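# Coordinate inspection notes
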Amino acid sequence: MTSTPFGRVLTAMVTPMHDDGSLDLDGTAKLAAHLVDQGHDGLVVNGTTGESATTTDEENFATVKAVVDAVGDRIQVTAGVGTNDTAHSVRVAHEMARLGADAVLIVTPYYNKPTQAGIVEHFRAVATATDLPAMVYDIPGRTGTALATDTTRRLAEIDQVRAVKDAKGDFFEASRLMAQTDLLWYSGDDVVNLAHLAQGATGVVSVVGHVAGRQYADLVAAVDAGDLPRARDIHRRLIPVVDAIMHTSQGAIQAKAAMHLLGVIDSDFCRLPLLPAPEEHRATLREALIQSGLM
């Protein structure tokens, strides 16, 4: 499986915390090593699934350093640096580069609802703040603003912008942009991983990858080989666990619950406004892991 500056099978890693809400940096290193051992060639640290909305810059820097120190010689580490404050994001990008991140993830600015021209200049400022390759994150369900097709074309002209994490789900637009640009395309929604890969996406940035890294590596390899029946079989076997993690409540909550259930992290504490999974959701998750052959 050929690699990229980001890797091809990435999980957007949860941020382990102690029961008092403080960072568990030893747990972070352990989780990162576990994910690499389970088939990943890339990790996204300090993304949405890492609860970046409620962690501080200092905590994010410490988390990225812990991951780089633990597994940076084995995989590509992409650090989330996107906020809705361009100057803030630039400062964070500088520090993530200094700490040894291999790439940065920049989300479309949220809440401000900038114009498309403003979005381009935001990405330009953050992406060119360092020499690191940048992945653009298009997730209008969370940010309130989608990337227009022409905006993505303009972003492709920025040297550091190398990839798109697509959580918008407009497959024809994705196909058209893959044909018209040299951007690497990543599925940003586990529900549609196979659909994206089948039409030419490079890889996945996953939440379910916390428990299915090897399976997603096999899925990417099957599509690469043109073995669609095998790819479909992998996809279908994972339906129960994808449903349990992505649809029962919220991805970060359920991913933490899964890692705790499997004994990888010591606590599934989430910072408010997120709450740990209630017992009925844990039971659904446990059953789904069994059905998908992961437990």
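Now for a description of the structure that goes with this document. (Residues numbered from 1 in each chain as written. Predicted model: local features only at pLDDT ≥ 70, side-chain atom pairs only at ≥ 80, totals over all residues. Heavy atoms only, no water.)

## What about the pattern of salt bridges?
According to the stated counting rule, one finds 14 salt bridges in the structure shown. The residue D37 makes a salt bridge to R74 at a minimum N-O spacing of 2.7 Å. A residue pair is termed long-range when its members are at least 10 positions apart, and D37 in helix α1 (residues 25-37) and R74 in the loop between α2 (57-71) and β3 (76-80) qualify at 37 residues. Among the residues examined, D37 registers a relative accessible area of 39% and is labelled partly exposed. (Salt bridge = Lys/Arg side-chain N within 4 Å of Asp/Glu carboxyl O. Helix = DSSP H or I, 4+ residues; strand = E, 2+ residues; numbered from the N terminus. Buried < 20%, exposed > 50% of the residue type's maximum accessible area, 1.4 Å probe, protein only.)

## Some points on the packing of helix α9 (residues 209-224) against helix α10 (residues 228-237)
Axes are the key here: two packed helices are described by the angle between their axes and the distance separating the axes. Put simply, α9 and α10 touch, their axes get as near as 8 Å, and they point 155 degrees apart. Considering the angle they form, α9 stands roughly antiparallel to α10. Crossing hand, α9 versus α10: left-handed. Between α9, through Q215, D218, L219, A222 and V223, and α10, the contact on the second element is made entirely by R230, A231 and I234. In the contact of α9 with α10, the residues fall into five nonpolar, one polar and two charged. (Axes fitted to C-alpha atoms, helices over the stretch in contact; angles between N-to-C directions. Parallel < 35°, antiparallel > 145°, perpendicular 65-115°, else oblique. Left-handed = near helix turned anticlockwise from the far one by under 90°. Contact = heavy atoms within 4.5 Å. Nonpolar A, V, L, I, M, F, W, Y, C, P; charged D, E, K, R; others polar.)

## Re α9
Over its 16 residues, α9 extends only 19 Å from the first C-alpha to the last, a length that falls short of the 22 Å expected when each residue adds 1.5 Å. The axis of α9 is deflected most strongly, by about 45 degrees, at Q215. Of the positions making up α9, those classed as buried are G209, H210, V211, A212, G213, Y216, A217, L219, V220 and A222. Looking one or two places after α9, you find G226, whose phi comes out positive at around 75 degrees. (Expected span 1.5 Å × (residues − 1). Bend = angle between axes of the 7 residues up to and from the residue.)

Take it as geometry only, folks, not as evidence of what the structure does.
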